[in-house]
Amino acid sequence: MRKSKKIRFLVHRSVTLREELQLCEDLLKEAEIEFDLIYRETLPPEPPKTQIIVDPDLLGLNQNQDPPGPIMPQKRSKKNDSEDLRVLRRKISNATHPDKLLTSSVENQRYKEDLFKRANTASNEGDIVELLRISEELGIPTPTLTEESYAVINERNNKAKKRISEIKSSYLWNWHLCQNKEKKERLKNEMLEKVSAGP
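Along each chain, residues carry numbers from 1 onward, in the same order as the chain's sequence is written. Local features in this predicted model are restricted to residues of pLDDT 70 or higher, and side-chain atom pairs are both shown and tallied only at a pLDDT of 80 or more, whereas totals for entire chains, interfaces and linings draw on every residue. Only heavy atoms go into the side-chain values, all of them from the structure, while hydrogens and water stay out.

### Examining the overall build of the chain
The secondary structure listing takes helices from DSSP runs of H or I that are at least 4 residues long and strands from runs of E that are at least 2 residues long, numbered from the N terminus. On a plain count of helices and strands, the chain comes out with seven helices and zero strands. Along the chain, from the amino end to the carboxyl end, the secondary structure elements read α-α-α-α-α-α-α. Partitioning the intrachain contacts of the chain with sequence separation of at least 6 by distance along the chain shows that 71% fall at a separation of at least 24. We get accessible surface area from the Shrake-Rupley algorithm with a probe of 1.4 Å; when it comes to residues, only the shown protein chains can shield them. Of the accessible surface of the chain, which amounts to about 12700 Å², a share of 51% is contributed by carbon and sulfur atoms. Contact criterion: two residues are considered in contact whenever any of their non-hydrogen atoms come within 4.5 Å of each other.

Okay, structure coming up:
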């Protein structure tokens, strides 16, 4: 029972981090667009000959660090899948495969076909967290995970935490979310100076 709770906690933490990261990335994109408009307004009246692209390094986004690796799993070969992933994929497939739903209601068929598609995508990406979410949704008992699976989940969580921290420590983030008008203006001016000074 304790293992099951530990896995559920890890899954919940992973999902929460993914959602937080997505929100941070969305807000950062909004901030980039807003700042780009402000930057363009501060340019001299003659139109530039080339497109202006604000360098994220100048806005404190990268802070002289290597760009983070992918947070979300990438498509890869199933040959190297852990036994955990293969067993989970098989159990989900048995519960959701369209051929096994012929006597179910149309609504149930659609629901399980959606789960089947999500599971295939998660499987192709090696996303054990999503497979665990789907298995929990289907009432499939939580399997015991290997240390390798725990390590993969923890590594992805750590990458997400690192990227969230990088975003939240950037000038752009702090400027965009600042509620104090004077501080927001000061941050904007500092960013404009950095961008105007160039690399």
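### Some words on helix α3 (residues 106-125)
Expected helix span is given by 1.5 Å per residue-to-residue step, counting one fewer step than there are residues. Here α3 spans 29 Å end to end across 20 residues, near enough to the 28 Å set by a 1.5 Å rise per residue. Gln-109, Lys-112, Leu-115, Phe-116, Ala-119, Ala-122 and Ser-123 are the residues of α3 that are buried. For α3, the buried positions fall inside an angular range of 150° around the axis, keeping them on one side. Relative to its buried face, α3 has exposed residues pointing more than 90 degrees away, namely Val-106, Glu-107, Arg-110 and Lys-117. Tucked inside the fold, the buried residues of α3 contact α2 (83-96) and α4 (128-138). Two residues or fewer past α3, Gly-126 is found with a positive phi of approximately 70°. Think of it in three bands: with a 1.4 Å probe and only protein chains considered, a residue is buried below 20% of the maximum accessible area for its type, exposed above 50%, and partly exposed in between. In this description, one arc is meant: the one made by directions from the helix axis to the C-beta atoms.

### Considering the packing of aromatic side chains
Only centres within 6.5 Å qualify two rings of Phe, Tyr or Trp (six-membered ring in Trp) as a pair; their planes then separate them into stacked at under 30 degrees, edge-to-face at over 60, and tilted for everything else. Counted by the stated rule, this structure contains two aromatic pairs. A ring pair is formed by Phe-35 and Tyr-39, whose centres lie 6.4 Å apart and whose planes are at 25°; its orientation type is stacked. Taken as a pair, Phe-35 and Tyr-39 lie in helix α1 (residues 2-41) at a separation of four residues, close to a single helical turn. Of the residues examined, Phe-35 reaches a relative accessible area of 1% and is grouped as buried. Owing to a relative accessible area of 10%, Tyr-39 belongs among the buried residues under this scheme. A centroid spacing of 5.9 Å and a plane angle of 80° characterise the contact between Phe-35 and Trp-175, whose relative ring orientation is edge-to-face. A residue pair is termed long-range when its members are at least 10 positions apart, and Phe-35 in helix α1 and Trp-175 in helix α6 (residues 171-177) qualify at 140 residues. Both residues of the pair, Phe-35 and Trp-175, count as buried. Pairwise contacts between aromatic rings join Phe-35, Tyr-39 and Trp-175 into one cluster. Above the plane of the ring of Tyr-150 lies Lys-6, whose end atom (NZ or CZ) is 4.6 Å from the centre. Put simply, a charge is over a ring when the Lys NZ or the Arg CZ is close to the ring centre, within 6 Å, and near the line of the ring normal, within 35 degrees.

### Structural notes on the pattern of salt bridges
The term salt bridge refers to a pairing of a side-chain nitrogen on Lys or Arg with a carboxyl oxygen on Asp or Glu at a separation within 4 Å. Following the criterion strictly, the structure yields 13 salt bridges and no others. Here Glu-166 ties to Arg-163 by a salt bridge, and the two come within 3.5 Å at their closest N and O atoms. Note that Glu-166 and Arg-163 are positioned in helix α5 (residues 147-168) at a spacing of three residues, about one turn of the helix. We note that Glu-166, like Arg-163, is buried. Because the salt bridges share partners, they merge into one network encompassing Arg-118, Glu-130, Arg-133 and Glu-137.

Read these as layout, nothing more, since geometry by itself doesn't imply function.
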